[in-house]
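# Residue-level structure breakdown
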Number of protein chains: 2
Amino acid sequence: MRSKAVPDIVISRLPLYLRTLSHLAAEGKTITSSQELGQRLGLSSAQIRKDLSHFGEFGKQGTGYDIEFLQQQLKKILKVDRRRDVCLIGAGDLGHAIVLHHEMLEERGFHLVAVFDHNPRKIGKTIGHLEVIDSEAMPTIIRDQGIQIAIIAVPARSAQSVADTLVEAGIRAILSYAPITLNVPEGVQVQYIDPVIHLQHMTYYL
Amino acid sequence: MRSKAVPDIVISRLPLYLRTLSHLAAEGKTITSSQELGQRLGLSSAQIRKDLSHFGEFGKQGTGYDIEFLQQQLKKILKVDRRRDVCLIGAGDLGHAIVLHHEMLEERGFHLVAVFDHNPRKIGKTIGHLEVIDSEAMPTIIRDQGIQIAIIAVPARSAQSVADTLVEAGIRAILSYAPITLNVPEGVQVQYIDPVIHLQHMTYYL
DNA sequence: TAGATTGTTAATCGATTAACAATC
DNA sequence: TAGATTGTTAATCGATTAACAATC
């Protein structure tokens, strides 16, 4: 019998814990507590202990958590304990910004291996360390290299058909910057980034 | 007596409803239902009706919702029924991408009025329709123009001090692309965009 | 030892869902 | 009228919090 799945809302907080642990480590700390983590993140210490308890026991009573150790454990849980290949679709302004800041990805468990676009004027051009590849070659490259994660940075009108192609080629997780809800089969993960949604959320409180 | 506050999780869905209504309108539809909206967003129809019921009655039994009308009402609720000025701090690659795609903001209730940077090599340069202004002038401009919303696109190490300056100058809502939790006084809204958080969340399910 | 903090249980709190009368 | 869909109530479900024994 499979044990009950961990709630997605718990999973969604683990990357934040990981990020905060990096910051603490960068400040020279080696030990932290659920209280300190909670304070940094605006969460209760009980919630942090509860979240971690879904996966095991990582702390010591009276002492707290070893930062290095907890980082390793969280990386293992999130499956970012090894580098994961990512491809990017769309070599527009946003695509450029993403490629040029790929260290942000590399530092945190991802490796940007290819950029695709179908605009003939962009194909063959170099952005940072990567050459823009014709979208035609995308399925083959994704399949051959076993890439599982893709970032969509194309206009909203092309996003669904790009997503279809990606899924067909074997992509299992999509981060989309297009402001539309994508239709994907069961088992394919999708997350969205739409800055305007956040702005409109905040204006409610003005 | 003030009526009980609407849960933030409800507020966070309203921008998604608004976005989906635009899409339906763009497809030529004039009427929709809680069921159709739910289907598009992957939510139950009951949830959509419940969410809307916090603010009033916007539909007709047997018919559904007039798209145009519901859009207007949601815009009013979210206070994006008039254009809101936004300023941007950071004229790096990400800042460039944001300015060059400002139509995305304009179409959905925001108006990008200024870009700031403190790098002398960037000050005075033009990005799209805007000239990069020295950060020194930022507080004055924010105050004089009554800007309430800011987007932070600077490196993590400068984000907190930028936020402090913004708050001091009167900014009430901050959208930050820096991967750190910002400390701001009660009453100032902050939202974050960190693509890596989403990627790490998805890898859990791979 | 005394002080601190974990992991876990039970209680509380809040959000989602199902169901249906009202009514267009 | 018959069919459809809303707005709302009550029931269910799930997440957060408080509290504390265990123990470093």
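What you see is a predicted model, and the numbers here were worked out from it, not measured in a lab. (Residues numbered from 1 in each chain as written. Chains lettered and ligands numbered in written order. Predicted model: local features only at pLDDT ≥ 70, side-chain atom pairs only at ≥ 80, totals over all residues. Heavy atoms only, no water.)

## Section: the protein's contact with DNA strand D
Test applied: One heavy atom suffices: a residue is near a molecule or strand as soon as one of its heavy atoms comes within 4 Å of it. Between N or O atoms, a polar contact is any pair within 3.5 Å; within protein, one atom must be a potential hydrogen donor and the other a potential acceptor, and residues adjacent in sequence are included only when both atoms are from side chains. Think of it this way: any DSSP run of H or I at least four residues long counts as a helix, any run of E at least two long counts as a strand, and we number them from the N terminus.
Taken together, 25 residues form the shell around DNA strand D, and within it Ser34(B), Arg49(B), Phe58(B), Gly59(B) and Tyr65(B) come nearest. The protein-proximal atoms of DNA strand D, defined as those within 4 Å of the protein, are 65% sugar or phosphate. In this structure, Gly59(B) approaches DNA strand D through a main-chain N or O atom, which is 2.8 Å from a phosphate oxygen. Measuring from a sugar or linking oxygen of DNA strand D, one finds a backbone N or O atom of Gly62(B) at 3.1 Å. Among the secondary structure elements, those contributing two or more residues to the surface near DNA strand D are helix 1 (8–26) and helix 3 (45–53) of chain A together with helix 3 (45–53), strand 2 (59–60) and strand 3 (64–66) of chain B.

## Focus: the relation of the copies chain A and chain B
Filter applied, for reference: When the copies are overlaid, the least-squares fit takes in C-alpha atoms only where the residue has pLDDT of at least 70 in both copies.
Superposition record for chain A on chain B: RMSD 0.0 Å, screw rotation 180 degrees, translation along axis 0.0 Å. These values place the two chain copies in the arrangement generated by a two-fold rotation axis.

## What about the domain arrangement of chain A?
The criterion, for reference: Bear in mind that the domain bounds are from an automatic or database domain assignment.
Here the domain parsing of chain A yields domain 1 (8–78) and domain 2 (84–198). A straight line from the C-alpha centre of domain 1 of chain A to that of domain 2 of chain A covers 30 Å.

## A short note on helix 8 (residues 156–169) of chain A
Counting along an α-helix, one turn takes 3.6 residues, and residues three or four places apart therefore face a common direction. All names here are of chain A. Rule in force here: The length a helix should cover is 1.5 Å for every residue beyond the first. Remark: exposure states derive from per-residue accessible area (1.4 Å probe, protein chains only) relative to the maximum for the residue type, with buried under 20%, exposed over 50%, and partly exposed in between. When checking whether two residues touch, look at their non-hydrogen atoms; a contact exists if any pair is within 4.5 Å.
If you check helix 8, its first and last C-alpha atoms are 20 Å apart, about what 14 residues at 1.5 Å a residue would give, namely 20 Å. Listing the buried residues of helix 8 in full gives Ser158, Ala159, Val162, Ala163, Leu166 and Ala169. As for helix 8, its buried residues are in contact with strand 4 (84–89), helix 7 (138–145), strand 8 (149–152) and strand 9 (173–176). Two residues or fewer past helix 8, Gly170 is found with a positive phi of approximately 115 degrees.

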